[in-house]
Structures are given as C-alpha cells and as structure tokens.
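Here is what each chain is made of, one letter per residue.
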Amino acid sequence: MTQDELKKAVAEAALEEVKKIISKDSIIGVGTGSTANFFIDALAEIKLDFDGAVASSEATRERLQAHGINVYDLNGVGTLPVYVDGADEVNPHLHMVKGGGGALTREKIIGAASTKFICIADESKQVDILGTFPLPVEVIPMARSYVARELVKLGANPVYREDFVTDNGNVILDLYNFPIDDPLAMEQRINNITGVVTNGLFALRPADLLLLGCSDGVKSIT
Ligand code: 5RP
C-alpha cells in the first residue's frame, strides 16, 4: 500500500470510531494535515449525522466548509466529544510530536478541550523516542532570538522556519536532532520559556487512541 492509501485507511477507521460517539447535536474537533484531510473528506459522508466541527487551522476550516460542514468557534461550544488529528511522530505512550504544518497551538487547544483524542497516522510515524522529526516551537515574533538562545541552553539546535507565519500571527523555531527522553518534562520546560506560545510535544495531553495504518491493516492502540 502507498502512504496515501494507509492515510485513507486510518481516516476511514477514525470515521467508524466517531460514528460510535456522535449524535445529531455533536461538534467534532478536526485536525490539520494530509491525514486529517482524508478524515475531513470521509466525514463529509456523514455530515447530516452531527452538527458541525471546530477546526485546528484556517486550511481545515476551508476544507470543512467546502464540504458544507458547519464550522464553530471553540469559544461558543462546550467540551468536544472527540478530536481527530494526525501526528509527525508517536511513541508507545501515545505521546506525539505535532506541528509539522504549523498548526500546533490550535491543535493543542482543541486536544485539551476534547474528551477523546484519536490520533491517525501511517506506520512511518511510529517511533520509540520522539525527536527525529524536528520539534516545532511557536514563538511570539519579538521573542524569537531570546527564545532561540534559551533553547540552545537545553541542547537544541533551533532553526527559524523561513517565510512562515502561523494562523495566530507568530513564528516557528524547529528543533533539529533533538531526541526527547522525557517528553512530559521537556514539554513543560520549553513552554516555561517566556515568549513561547507552545511547543509541538503532546505528552501532557497524549492521544487516547492511535489508529495506525500498517501494510497488514489498521491497528488500534490504546
Ligand atoms: C499539523 C500537524 C499534522 O498533524 C502533522 O504534521 C501530520 O501531518 P500529515 O498528516 O500531513 O503527515 O500536526 O500541524
């Protein structure tokens, strides 16, 4: 199977999970990226069975609306029953690195506001130790150099993501070659640097269910 076929398979498996949870008045959290896009396209098939969605990025909002799915502001809705999103890396504890697409902050907010976080990923995303994929850190623009110096003190090699502005008007520093032994501690440590909005470690709020697309089928991992 190609990587896109694996992504489509996990998106369809996520749809089956979502069907078990939702009712007519449900509002669903929807993530960002190519795997999430397959999920959005699958979700359109059942758009009459739920009320709408909260989007983790402008790109996702546009795709949902193109399918005729209502998109709500998170401030106007309560706790979401389920959030479905991809990942750049996921470890056996269902800690993730996310934010390759730069949507990490809104993704983390929606994950926090959701009862169930379903991660959908093809098998290339499964790792034992997080940090081979560059860890994104969203930073207030005026703090970029200061935050970069503080990240160097943590042993990281921060690289400014050129020509990229997040949906929140901020910049991204990507941390290359930064193996993370203790994701819970590192998530908090980086977030404690003044000027950091958040970082792409999702360990304090990991996924509840991983649907992993493998050549021999979709595995459900909790
Ligand atoms: C975007 C994300 C994505 O979930 C992550 O980058 C995975 O993307 P893809 O499904 O395209 O591999 O965190 O900010």
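Note on numbering: residues in each chain are counted from 1, in written sequence order. This being a predicted model, a pLDDT of at least 70 is required before a residue's local features are given, and a value of 80 or more before pairs of side-chain atoms are given or counted; all residues contribute to the totals for chains, interfaces and linings. As a rule here, side-chain values cover all heavy atoms of the structure and leave hydrogens and water aside.

*Asks:* With reference to specific residues and values, describe helix α6 (residues 183-191).
*Replies:* Each α-helix winds once per 3.6 residues, and so residues spaced three or four apart point in a common direction. Exposed residues in this analysis have more than 50% of their type's maximum accessible area, buried residues have under 20%, and partly exposed residues fall in between, with area computed by a 1.4 Å probe over protein chains only. To qualify as a helix, a DSSP run of H or I must reach at least 4 residues; to qualify as a strand, a run of E must reach at least 2; elements of each kind are numbered from the N terminus. Listed as buried for α6 are Pro183, Met186, Glu187 and Ile190. For α6, the angular spread of buried residues about the axis comes to 105 degrees, placing them on one side. In this structure, the buried residues of α6 make contact with α4 (104-112), β7 (135-139), α5 (144-153), β9 (171-176), β10 (196-199) and β11 (201-202). Arc, as used here, means the arc of the directions from the helix axis to the C-beta atoms. Whether two residues are in contact is decided by their heavy atoms: any pair within 4.5 Å suffices.

*Asks:* Residue-level account of the sheet that holds β7, with values.
*Replies:* DSSP calls a pair of strands paired once it identifies at least 2 bridges connecting them. Strand order in the open sheet formed by 4 strands is β8-β9-β7-β10, and the pairing between neighbours is antiparallel. Where the open sheet ends on each side, the last strands, each with one partner, are β8 (157-160) and β10. Neighbour-to-neighbour, the strand axes of this sheet turn through a mean angle of 30 degrees, independent of strand direction. Where β7 and β9 come together, 5 bridges link them in antiparallel fashion. The angle between two axes is taken between their N-to-C directions and runs from 0 to 180 degrees, where each axis is a line fitted to C-alpha atoms and a helix contributes only its stretch in contact.

*Asks:* Got a sec to walk through the site of the ligand? Specific residues and values, please.
*Replies:* We call a residue near a molecule or strand whenever a single non-hydrogen atom of that residue lies within 4 Å of it. Not every one of the 17 residues close to the ligand is listed here, only the nearest: Ser34, Thr35, Asp88, Gly99 and Lys125. Polar contacts, as counted here, are pairs of nitrogen or oxygen atoms within 3.5 Å of one another; within protein the pair requires one atom able to donate a hydrogen and one able to accept it, and residues that are adjacent in sequence qualify only if both atoms are side-chain atoms. Within the side chain of Thr35, one N or O atom sits 2.6 Å away from an oxygen atom of the ligand. Lys98 is positioned such that a nitrogen or oxygen atom in its side chain is 3.0 Å from an oxygen atom of the ligand. Protein burial of the ligand: of its 370 Å² of free accessible surface, 90% is covered by the chains. Surface accessibility follows the Shrake-Rupley procedure with a 1.4 Å probe radius. Residue values consider only the protein chains on display as shielding.

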